[in-house]
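Spelled out from the first residue to the last, the chains are:
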Amino acid sequence: RRDVVELALFMREMHRLLPEIKVELISIDSYAEGIEQLRAGQISALATTSWQQDLAPYSSDIIISNALLKDGQSIVGLYTRENNAKALAVNTLDDLRTLKIASNKDWSADWHTLAELGMHHCLDVKTWRQMIYLVSGQEADILLAPFPSRDNLNIEFDGCVLIPIPGRIMVLHGSRHFAAAHTKVGYLIAERIFPALDALVNNGEVKRALTECGFLNKSTATWQNIAQQPM
């Protein structure tokens, strides 16, 4: 998973470049809440990336890194249940617009991309678990998700199995960045860790790690972006 790779790279560089800093990882339930805590200086940094459009309004309150993932690099599958013949037959945007899509308004790139593509039936669902249940339970048709590293590409969660619509992907608009607070440790992270992470982007290590975890999935490299299909 992308977030696991990001956390691993962030922590590795912290231990390497700022070994004197004792790192405490804090679990935050909400994506939006993490950004709010960063703005307030309650945490020193976000150890996984956020969308640029979510960070940019607070650029005077926080320090934003260069992009770890550039615009166009965030690719997701369109996942549905195995017996949803209508969803599995989707080939065009017009087909997709007839479906109910479970997403989250707080995931701005997902929500904005869906809006730009003219999706009319988007359900605002705040947790991943509930999205899975809605699609598996036939209350929604699809959800968007990065591809896993396993060969069959299925998502398996809490007894539910979702499969990708074959041959189709969606490219999310926006870049992803780390962010630090205007605190003593936050300034150190921006000064030492952000350039180191940028170097990993430039030398290809980030791309290799994201390929190995399945986020950049070789088996879907020839799949077509649904936005580029005939309408």
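Here's a quick rundown of the structure. Throughout, residues of each chain are indexed from 1 in the direction in which the sequence is written. Note on the predicted model: pLDDT of at least 70 is required for a residue's local features to be given, and 80 or more for side-chain atom pairs to be given and counted; whole-chain, interface and lining totals, by contrast, use all residues. Working from all heavy atoms in the structure, the side-chain values ignore hydrogens and water.

Time to look at the pairing of strand β2 (residues 62–69). Here's how the labels work: a residue is buried when its accessible area is under 20% of the maximum for its type, exposed when over 50%, partly exposed in between, all with a 1.4 Å probe on protein chains only. Only DSSP runs of H or I with at least four residues qualify as helices, and only runs of E with at least two residues qualify as strands; both kinds are numbered from the N terminus onward. In terms of burial, β2 is largely enclosed, as 6 of its 8 residues are buried. With 5 bridges joining them, β2 and strand β9 (residues 176–181) adopt antiparallel strand pairing. In the strand pairing of β9, Ala67 is matched with His177. Pairs of strands are assigned from DSSP output, requiring at least two bridges between the strands.

We now examine the nonpolar core. As used in this record, nonpolar core signifies buried Ala, Val, Leu, Ile, Met, Phe, Trp, Tyr and Cys residues forming a set joined through side-chain atoms within 4.5 Å. Membership of the largest hydrophobic core comes to 29 residues, with the highest contact counts inside it found for Phe10, Ile189, Ile193 and Leu210. At the level of secondary structure, the elements contributing two or more residues to this core comprise α1 (2–17), β1 (45–51), β2, β9, α8 (184–202) and α9 (205–212). If one sorts the elements of this core by residue count, α8 sits on top with 8 residues. Other than its neighbours up to four places away in sequence, Phe10 contacts Ala45, Leu46, Ala47, Phe178, Ile189, Ile193 and Leu197. Of all hydrophobic cores here, the second largest spans 19 residues; its members include Val76, Met119, Ile142 and Leu144. The contact criterion used throughout is that any non-hydrogen atoms of two residues lie within 4.5 Å.

This part takes up the sheet that holds β1. With antiparallel pairing, the 3 strands of this open sheet are ordered in space as β1-β9-β2. Strand pairing shows two members of the sheet lacking a second neighbour, β1 and β2, which therefore form its edges. Within the sheet, the average angular offset between the axes of one strand and its neighbour, ignoring direction, is 30°. Along the sheet, α1 contacts β1, β2 and β9; its crossing angle with β1, the most-contacted strand, is approximately 140°. A fitted line through C-alpha atoms serves as each axis, taken over the contacting stretch for helices, and the angle formed by two N-to-C directions is quoted from 0 to 180°.

For this document, the term salt bridge refers to a Lys or Arg side-chain nitrogen within 4 Å of an Asp or Glu carboxyl oxygen. Inspection of the entire model under this criterion finds 10 salt bridges. Across the salt bridge formed by Glu36 and Arg39, the nearest N and O atoms sit 3.2 Å from each other. Here the residue Glu36 and the residue Arg39 both occupy positions in helix α2 (residues 31–39), the gap between them amounting to 3 residues, near one helical turn. Salt-bridge contacts for Asp61 lead to Arg39; the nearest nitrogen and oxygen are separated by 3.2 Å.

On strand β6 (residues 142–145), burial covers both faces: Ile142 and Leu144 on one face and Leu143 and Ala145 on the other are all buried. As defined by bridge partners, strand β3 (residues 75–81) adjoins β6 across 3 bridges and the pair is classed as antiparallel. Bridge pairing links Tyr79 to Leu143 in β6. Where strand β4 (residues 101–103) lies against β6, 2 bridges are found, and the strand directions are parallel. What sits directly across from Ile101, in β6, is Ile142.

What follows concerns unusual backbone geometry. Residues other than glycine seldom take positive phi values, yet Gln138 does so here, at roughly 70°. Inspection of the secondary structure puts Gln138 in the loop between α7 (128–136) and β6. Residue Gln138 is classed as exposed on the basis of its relative accessible area of 54%. Even without a glycine there, the phi angle at Leu153 is positive, about 65°. Mapped onto the secondary structure, Leu153 falls in the loop between β6 and β7 (155–157). Under the relative-accessibility criterion, Leu153 is labelled buried at 6%.

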